[in-house]
Amino acid sequence: MNPLAIAGLAGLICGLGGGVYVTEAVMGERIAIMEASQAKAVAASAQIYHRRFVDEKARGDALSNRLAHTESDLILRTLEVTRAVSKVTTGRACLGDAAVRLLNGAPRTVPQAAGASVAESAAIATDTDVAGWIGNAQGQYETCRARLGALIDYEEGRPDDRTEQ
């Protein structure tokens, strides 16, 4: 083989080796700096999200406790109303059998039998029944309203994620 070609090949190999060495040294340092920067950013993000999690959990727990107390109060009020209903009503018929059957989910056009059975003719609602139903419906409504209010309070108090980036 030609000595000039051998010298050129040796120079090429040395140049490539030196280039790789210098590139590795320079780029290795830059990569290490980038990795350190990335690790700091990840640690900062983890800290921010951990703080947000702890804050949101505490806020959710506080709202849940407030809702539990509200629901307990509503249950007690509903029980008080239920107990008081019998003292302020007379038990007289308020809704007849057709109205009771309709409200209990019977078809709108109820065919009349030749002779009404005792159960059908006794299907009435007294003023006590109606007042009890109203008291129970009010309690359920207030409980639902309190639950929705707690969800709204939770959502309205949540920080906007886009503003903290």
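Cut-offs used in this document
Residues numbered from 1 in each chain as written. Predicted model: local features only at pLDDT ≥ 70, side-chain atom pairs only at ≥ 80, totals over all residues. Heavy atoms only, no water. pLDDT = per-residue confidence, 0-100. Contact = heavy atoms within 4.5 Å. 1 Å grid on protein atoms, 1.4 Å probe; cavity = no way out; pocket = protein on both sides within 12 Å on 5 of 7 lines; lining within 4 Å. Points joined across faces, edges and corners; volume = space filled by probe spheres on them. Helix = DSSP H or I, 4+ residues; strand = E, 2+ residues; numbered from the N terminus. Nonpolar A, V, L, I, M, F, W, Y, C, P; charged D, E, K, R; others polar. Patch = residues over 30% accessible without salt bridge, like charges linked within 9 Å, V, L, I, M, F, W, Y side chains within 5 Å. Areas by Shrake-Rupley, 256 points an atom, 1.4 Å probe, with all protein chains shown as cover. Salt bridge = Lys/Arg side-chain N within 4 Å of Asp/Glu carboxyl O. Buried < 20%, exposed > 50% of the residue type's maximum accessible area, 1.4 Å probe, protein only. Expected span 1.5 Å × (residues − 1). Polar contact = N/O pair within 3.5 Å; in protein donor to acceptor, adjacent residues only side chain to side chain.

### Observations concerning the confidence of the model for the protein
Low pLDDT marks stretches whose predicted atomic positions should not be read closely.
Part 1 of the reasoning: The share of residues in the protein with pLDDT of 70 or more is 85%, and the mean pLDDT across the chain is 84.
Part 2 of the reasoning: Contacts from residues 113-120, a stretch scored under 50 in pLDDT, to residues over four places away or in other chains number one contact.

### Comments concerning the layout of surface pockets
Part 1 of the reasoning: There is about 230 Å³ of room inside the largest pocket.
Part 2 of the reasoning: Lining the largest pocket we find Leu95, Val100, Leu103, Asn104, Ala125, Asp129, Val130 and Trp133.
Part 3 of the reasoning: At the level of secondary structure, the elements contributing two or more residues to the lining of the largest pocket comprise helix 2 (97-103) and helix 4 (127-156).
Part 4 of the reasoning: Per element, the largest residue contribution to the lining of the largest pocket is three residues, and it comes from helix 4.
Part 5 of the reasoning: Taken together, the residues of the lining of the largest pocket sort by class into six nonpolar, one polar and one charged.

### What about a nonpolar patch on the surface?
Part 1 of the reasoning: Nonpolar side chains collect at one region of the surface, where Met1, Ile6, Leu9, Leu12, Ile13 and Leu16 lie side by side and expose about 660 Å² of accessible area between them.
Part 2 of the reasoning: Within the secondary structure, Leu16 is located in helix 1 (residues 3-88).
Part 3 of the reasoning: Leu16 sits in the exposed class, given a relative accessible area of 53%.

### Some words on the pattern of salt bridges
Here the idea is simple: oppositely charged side chains can pair when their charged atoms come close.
Part 1 of the reasoning: Counted under the stated rule, the structure contains seven salt bridges.
Part 2 of the reasoning: Across the pair Glu56 and Arg59 runs a salt bridge whose closest N-O atoms are separated by 3.0 Å. One end of the pair is Glu56 and the other is Arg59, both in helix 1 and three residues apart, which spans about a single turn.
Part 3 of the reasoning: Exposure remark for Glu56: the relative accessible area of 16% places this residue in the buried category.
Part 4 of the reasoning: Between Glu142 and Arg145 there is a salt bridge, with the nearest N and O atoms lying 2.8 Å from each other. One end of the pair is Glu142 and the other is Arg145, both in helix 4 and three residues apart, which spans about a single turn.

### A few points about helix 1
Part 1 of the reasoning: Between the first and last C-alpha of helix 1 there are 121 Å, a value that for 86 residues agrees with the 128 Å anticipated at 1.5 Å per step.
Part 2 of the reasoning: Three or more residues of helix 1 are buried, namely Arg52, Glu56, Gly60, Leu63, Leu67, Glu71, Leu74, Thr78 and Val85.
Part 3 of the reasoning: Looking at the buried side of helix 1, the elements it contacts are helix 4.
Part 4 of the reasoning: Capping of helix 1 at its N-terminal end is provided by Asn2; its side-chain oxygen lies 3.1 Å from the backbone amide nitrogen of Leu4.

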